[in-house]
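This is what each chain is made of:
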Amino acid sequence: DTGVSQDPRHKITKRGQNVTFRCDPISEHNRLYWYRQTLGQGPEFLTYFQNEAQLEKSRLLSDRFSAERPKGSFSTLEIQRTEQGDSAMYLCASSTWAPGTGYTFGSGTRLTVV
Amino acid sequence: KNQVEQSPQSLIILEGKNCTLQCNYTVSPFSNLRWYKQDTGRGPVSLTIMTFSENTKSNGRYTATLDADTKQSSLHITASQLSDSASYICVVSETGANNLFFGTGTRLTVIP
């Protein structure tokens, strides 16, 4: 499978707990993006990496959120002290830097905070 | 403000019928426009991508059009199938920017 992989597919956690999601991009893609999507809405941009450098962060990415891409390959998104409002689908996408290239999305991680 | 608006919000059609989804955007400067299909609980899957100079692009039963002057795009689905039931999201990127502007999608339901 050469697509974008995300793990886990589903996560249920109690409020206040920390969670970590993983994204494995397409191997030749040097750009990696995280998005959050709530029911009935389009994805909202969270952050973007080019190789291992985190180049842009949305103001949606509060202090409780941190993303890393230590070796420029897979990335992790951690949410500390989860709140019910964090319940959403977290999508990862990757792309090359070629103009007009399409993003490839993963299947997402569905987070439910109870 | 860069925005992408889609219509209708939802649509129900009979299997075998055609339908057209609309996307209007205000993103500027414009780089490209993409249509994605998103099944429930899954990530978006790319259908088409069009740059400024492209007016139409087809992918099987899906045909996308782009009018960069009026900043409008449409996605036409021919001979709909039950498997076409999904959300269709219009996504526009801005020249020089690293993120995308997403519409809220059109929820299409194809019924037998």
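Computed from a predicted model, the values in this text were never measured in an experiment.

Conventions adopted
- Residues numbered from 1 in each chain as written.
- Chains lettered and ligands numbered in written order.
- Predicted model: local features only at pLDDT ≥ 70, side-chain atom pairs only at ≥ 80, totals over all residues.
- Heavy atoms only, no water.
- Helix = DSSP H or I, 4+ residues; strand = E, 2+ residues; numbered from the N terminus.
- Rg over C-alpha atoms; globule rule 2.2 N^0.38 Å.
- Buried < 20%, exposed > 50% of the residue type's maximum accessible area, 1.4 Å probe, protein only.
- Areas by Shrake-Rupley, 256 points an atom, 1.4 Å probe, with all protein chains shown as cover.
- Lys, Arg positive; Asp, Glu negative; His and termini not counted.
- Charge placed at Lys NZ, Arg CZ, Asp CG, Glu CD.
- Pairing = 2+ DSSP bridges.
- Contact = heavy atoms within 4.5 Å.
- Salt bridge = Lys/Arg side-chain N within 4 Å of Asp/Glu carboxyl O.
- Polar contact = N/O pair within 3.5 Å; in protein donor to acceptor, adjacent residues only side chain to side chain.
- Nonpolar A, V, L, I, M, F, W, Y, C, P; charged D, E, K, R; others polar.
- Disulfide = S-S within 2.5 Å.
- Axes fitted to C-alpha atoms, helices over the stretch in contact; angles between N-to-C directions.

**Q** Mind laying out the overall build of chain A, listing which residues take part and the relevant values?
**A** Along chain A, the regular secondary structure elements total zero helices and 11 strands. Order of helices (α) and strands (β) in chain A, N terminus to C terminus: β-β-β-β-β-β-β-β-β-β-β. Whereas a compact globule of 114 residues would reach a radius of gyration of roughly 13 Å, chain A reaches 13 Å, a difference of no more than 12%. Overall, chain A is about 40 × 25 × 25 Å in size when its C-alpha atoms are taken along their principal axes. Evaluated residue by residue, chain A yields a buried proportion of 46% over its 114 residues. Put simply, chain A shows about 5800 Å² of open surface, and 45% of that area lies on carbon and sulfur atoms. In chain A, the 14 positive side-chain charges and the 12 negative ones have mean positions that sit 5 Å from each other.

**Q** A description of the pairing of strand 11 (residues 109-113) of chain A should follow, citing residues and the corresponding values.
**A** Residues and elements named next belong to chain A. Of the two faces of strand 11, the one holding Thr109, Leu111 and Val113 is buried and the one holding Arg110 and Thr112 is not buried anywhere. In this structure, strand 2 (residues 10-13) lies alongside strand 11, joined through four bridges in parallel fashion. Bridging across to strand 11, histidine 10 finds its partner in arginine 110. Note: strand 9 (residues 88-95) against strand 11, three bridges, orientation antiparallel. Across the sheet, residue tyrosine 90 finds its bridge partner in strand 11, namely threonine 109.

**Q** Tell me about the interface of chain B and chain A, residues and numbers included.
**A** With 16 residues of chain B at the interface, the matching set in chain A holds 21 residues. Scanning the region where chain B abuts chain A turns up zero salt bridges. At the junction of chain B with chain A, the criterion picks out five residue pairs in polar contact (both at pLDDT 80 or more). Those elements that provide at least two residues to the side of chain B that touches chain A are strand 4 (30-38) and strand 10 (100-102) of chain B. Take the side of chain B that touches chain A: its biggest share by element is four residues, from strand 4 of chain B. Taken together, the residues of the side of chain B that touches chain A break down into six nonpolar, eight polar and two charged.

**Q** Can you lay out the state of the cysteines for me, pointing to particular residues and giving the numbers?
**A** Residues and elements named next belong to chain B. For the structure on display, the rule yields two disulfides over all chains. Residue pairing for cysteine 23: its cysteine sulfur links by disulfide to cysteine 90, the two sulfurs lying 2.0 Å apart. When the S-S torsion is -70°, as for the bridge of cysteine 23 with cysteine 90, the disulfide is left-handed. Here cysteine 90 lies in strand 9 (residues 86-94) and cysteine 23 lies in strand 3 (residues 19-25), a separation of 67 residues in the sequence. For cysteine 90, a relative accessible area of 0% translates into the label buried. Cysteine 19 forms no disulfide, and the closest cysteine sulfur to it belongs to cysteine 90, at a distance of 15 Å. The class of cysteine 19 is buried, set by a relative accessible area of 6%.

**Q** Can you lay out the pattern of salt bridges for me, pointing to particular residues and giving the numbers?
**A** Applying the stated criterion to the full structure yields five salt bridges over all chains. Close ionic contact of Glu54(B) with Lys57(B) constitutes a salt bridge, the shortest N to O distance being 3.1 Å. Connected through salt bridges with shared partners, the residues Arg64(A), Glu83(A) and Asp86(A) form a single ionic network.

**Q** I'd like a rundown of the sheet that holds strand 3 (residues 19-24) of chain A, residues and numbers included.
**A** Each strand in a sheet pairs with its neighbour through backbone hydrogen bonds, running either in the same direction (parallel) or in the opposite one (antiparallel). Residues and elements named next belong to chain A. Pairing is antiparallel across the open sheet formed by four strands, whose spatial order is 1-3-8-7. Unpaired on one side and paired on the other, strand 1 (5-7) and strand 7 (65-68) mark the two borders of the sheet. Taken pair by pair, the neighbouring strands of this sheet meet at an average axis angle of 15°, ignoring direction. Where strand 7 meets strand 8 (residues 75-79), four bridges bridge the pair, whose relative direction is antiparallel. Bridge pairing in strand 8 places phenylalanine 65 opposite isoleucine 79.

**Q** Which residues make up the sheet that holds strand 1 (residues 4-7) of chain B, and what values do they have?
**A** Residue and element names in this part refer to chain B. Sheet architecture is open: five strands sit in the order 1-3-8-7-6, paired in antiparallel fashion. A single partner strand is all that each edge strand has here, and the edge strands are strand 1 and strand 6 (56-59). Each adjacent strand pair in this sheet contributes to an overall mean axis angle of 15°, direction not counted.

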